[in-house]
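Structural description and commentary
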Amino acid sequence: MIPKKIMLWLLPLLAIAAFVLIMMKGHGEDKTVAWQHDEGFIFGTVYNITYHHSENLQAEIEAELMKVDREFSMFNSESTVARINRGDSLVERSEMFNEVYNLAMKVNADTQGAFDITVAPLVNAWGFGFKHEQMPTPEQVDSLLQIHSQLDFAAIAKGYGCDVVASLLESRGINDYMVEIGGEIAIHGTNHKAEPWRVGVNKPVEDSLSVSGELQAVLKLTDVCLATSGNYRNFYYKGGRKYAHTIDPRTGYPVQHEVLSATVLSEDCATADAYATAFMVLGLDSTRSLLARHPELKAYLIYTDQDDDYAVWHSPGLDIEK
């Protein structure tokens, strides 16, 4: 028999435990157990994947990511894109390669060339692909505009990698997950608190070392993918002028307009990734016009107003934490 004093001490704890069990049962699934978190390095960046499952799937996840790497990595000399860029006429284009290539061509046409996977020579010439201090001459820019032959899937491959991992997780019956690769994100279900996932949108302060982490907003999301592109981290100054890493494929020059950051939400992450890059090229007015034609897309845009202050425009219906 338990002594009366000990019983009196235990009663409040038992009451709390009973309340917790009731609350957990009220939410259906016990979200506090069997959560997995994997992290690693892929596509020249880091990945973080959280999912609700009894087993860890990191080996399978990395196997899927390596399939994407073998197709699109600019860091892998034997990838399909690297071999194509070397002029290898024997390279075979896989179903995966064709899927991403066709999506890139679709977004290219829809944005009137603002998204272009052949822009790499211009990016390199301006010192953002391979770092250097030499800026291109107008004649070199004109020449590269005519060539435009090297493929680079950097602005769509991370998003596609998120989609590939999301498909793997769902094939294993996993309904609650967040897949993040280099800032591109695929989300499904809810988090460990049975609440929508919370995703921060960084304030576009000049932060080339990515150490600020100051947030402009927090979005509450479920069953959606998002990607962000911005000019506030990858830039340099020369001759007193700022040059940002987004190159307009139509002119060959870095963009010089008001949009600082574009976050795009879509059903799949590859599409969000591509349009986020395109919106940085198009600017505020053209982006809003394009979004009016695409109700399946939503965006959160940070830009500078006439007073050079931060301003925000976003699609209706976004759940933004107050």
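Everything in this summary refers to the structure shown in the same document. Computed from a predicted model, the values in this text were never measured in an experiment. (Residues numbered from 1 in each chain as written. Predicted model: local features only at pLDDT ≥ 70, side-chain atom pairs only at ≥ 80, totals over all residues. Heavy atoms only, no water.)

So, the overall build of the protein chain
Scanning the protein chain for helices and strands turns up nine helices and twelve strands. Put simply, the protein chain shows about 17000 Å² of open surface, and 54% of that area lies on carbon and sulfur atoms. (Helix = DSSP H or I, 4+ residues; strand = E, 2+ residues; numbered from the N terminus. Areas by Shrake-Rupley, 256 points an atom, 1.4 Å probe, with all protein chains shown as cover.)

Quick look at the nonpolar core
Within the largest apolar cluster, 64 residues are counted, with the highest numbers of intra-cluster contacts made by Ile 61, Phe 72, Phe 153, Ile 156, Leu 169, Val 179 and Phe 279. No other element matches helix H8 (residues 269-282), which puts eleven residues into this core. Discounting chain neighbours no more than four positions away, the residues touching Ile 156 are Val 100, Leu 103, Ala 104, Phe 115, Ala 270, Asp 273 and Ala 274. Of all hydrophobic cores here, the second largest spans 16 residues; its members include Val 199, Tyr 300, Ile 302 and Ile 320. (Core = buried A, V, L, I, M, F, W, Y, C linked by side-chain atoms within 4.5 Å. Buried < 20%, exposed > 50% of the residue type's maximum accessible area, 1.4 Å probe, protein only. Contact = heavy atoms within 4.5 Å.)

So, helix H7 (residues 154-171)
An ideal rise of 1.5 Å per residue puts 26 Å on 18 residues; H7 measures up with 26 Å between its terminal C-alpha atoms. Positive phi appears at Gly 173, one or two residues downstream of H7, with a value of about 80°. (Expected span 1.5 Å × (residues − 1).)

What to know about a negative patch on the surface
Where like charges cluster on the molecular surface, the negative patch consists of Asp 305, Asp 307, Asp 308 and Asp 309. Residue Asp 305 is classed as partly exposed on the basis of its relative accessible area of 30%. (Patch = residues over 30% accessible without salt bridge, like charges linked within 9 Å, V, L, I, M, F, W, Y side chains within 5 Å. Salt bridge = Lys/Arg side-chain N within 4 Å of Asp/Glu carboxyl O. Lys, Arg positive; Asp, Glu negative; His and termini not counted. Charge placed at Lys NZ, Arg CZ, Asp CG, Glu CD.)

Section: the packing of aromatic side chains
Tallied over the entire structure, the rule returns seven aromatic pairs. Between Phe 72 and Phe 153, the ring centres sit 4.8 Å apart and the planes meet at 55°, which makes this aromatic pair tilted. Here the residue Phe 72 occupies a position in helix H2 (residues 58-72), and Phe 153 occupies one in the loop between helix H6 (138-147) and H7, the gap between them amounting to 81 residues. With a relative accessible area of 0%, Phe 153 lands in the buried category. (Phe/Tyr/Trp six-rings, centres within 6.5 Å; stacked < 30°, edge-to-face > 60°.)

Brief notes about the sheet that holds strand S11 (residues 298-304)
Reading across from one edge, S1-S2-S3-S4-S7-S10-S11-S12 is the order of the eight strands in this open sheet, with antiparallel pairing throughout. The sheet is open, and its two borders are formed by strand S1 (35-42) and strand S12 (310-314), each paired with just one other strand. Here the average twist between neighbouring strands, direction ignored, is 10°. Bridge count between strand S7 (residues 224-230) and strand S10 (residues 259-266): six bridges; the pairing is antiparallel. Across the sheet, residue Cys 225 finds its bridge partner in S10, namely Ser 266. Along the sheet, helix H9 (residues 284-293) contacts S10, S11 and S12; its crossing angle with S11, the most-contacted strand, is approximately 170°. (Pairing = 2+ DSSP bridges. Axes fitted to C-alpha atoms, helices over the stretch in contact; angles between N-to-C directions.)

Focus on unusual backbone geometry
Although it is not a glycine, Phe 43 adopts a positive phi angle of roughly 55°. Relative to the helices and strands, Phe 43 is located in the loop between S1 and strand S2 (45-52). Overall, Phe 43 belongs to the buried group, its relative accessible area being 15%. Although it is not a glycine, Asp 223 adopts a positive phi angle of roughly 55°. Along the polypeptide, Asp 223 turns up in the loop between strand S6 (215-221) and S7.

With respect to the environment of Phe 72
For Phe 72, a relative accessible area of 4% gives the class buried. Each C-alpha atom of the pair Phe 72 and Phe 153 lies 6.1 Å from the other, and the pair is 81 residues apart in sequence. Apart from residues no more than four positions distant in its own chain, Phe 72 is found in contact with Ser 79, Val 81, Met 96, Phe 97, Val 100, Phe 153, Ala 157 and Tyr 160.

Here's the deal with the pairing of strand S3 (residues 177-181)
Counting buried positions over the five residues of S3 gives five, a clear majority of the element. Here S3 shows two buried faces, one formed by Tyr 177, Val 179 and Ile 181 and the other by Met 178 and Glu 180. Two strands pair when backbone bridges link them, and S3 and strand S4 (residues 184-188) are joined in this way by five bridges, in the antiparallel orientation. What sits directly across from Tyr 177, in S4, is His 188. Between the end of S3 and the start of S4, which pair antiparallel, lie two residues, with Gly 182 showing a positive phi angle near 55°.

Quick look at H8
The terminal C-alpha atoms of H8 lie 20 Å apart, and with 14 residues this matches the ideal 20 Å at 1.5 Å per residue to within 8%. Taking burial as the measure, the 14 residues of H8 include 14 buried ones, the bulk of the element. Here H8 starts with a cap whose side-chain oxygen sits 3.5 Å from the backbone nitrogen of Ala 270, and that cap is Asp 268. (Polar contact = N/O pair within 3.5 Å; in protein donor to acceptor, adjacent residues only side chain to side chain.)

Description of the pairing of S11
Of all seven residues in S11, six are buried, a share of seventy percent or more. Two elements, S11 and S12, share five bridges in a ladder whose sense is antiparallel. Bridge assignment links Tyr 303 to a residue of S12, and that residue is Ala 311. Between S11 and S12, which follow one another and run antiparallel, lie five residues, and Asp 308 among them has a positive phi close to 65°.

Regarding the environment of Met 96
Along the polypeptide, Met 96 turns up in helix H4 (residues 95-110). Met 96 sits 29 residues away from Lys 67 along the chain, and the two C-alpha atoms are 8.9 Å apart. If sequence neighbours within four positions are ignored, Met 96 has contacts with Lys 67, Val 68, Glu 71, Phe 72 and Tyr 160.

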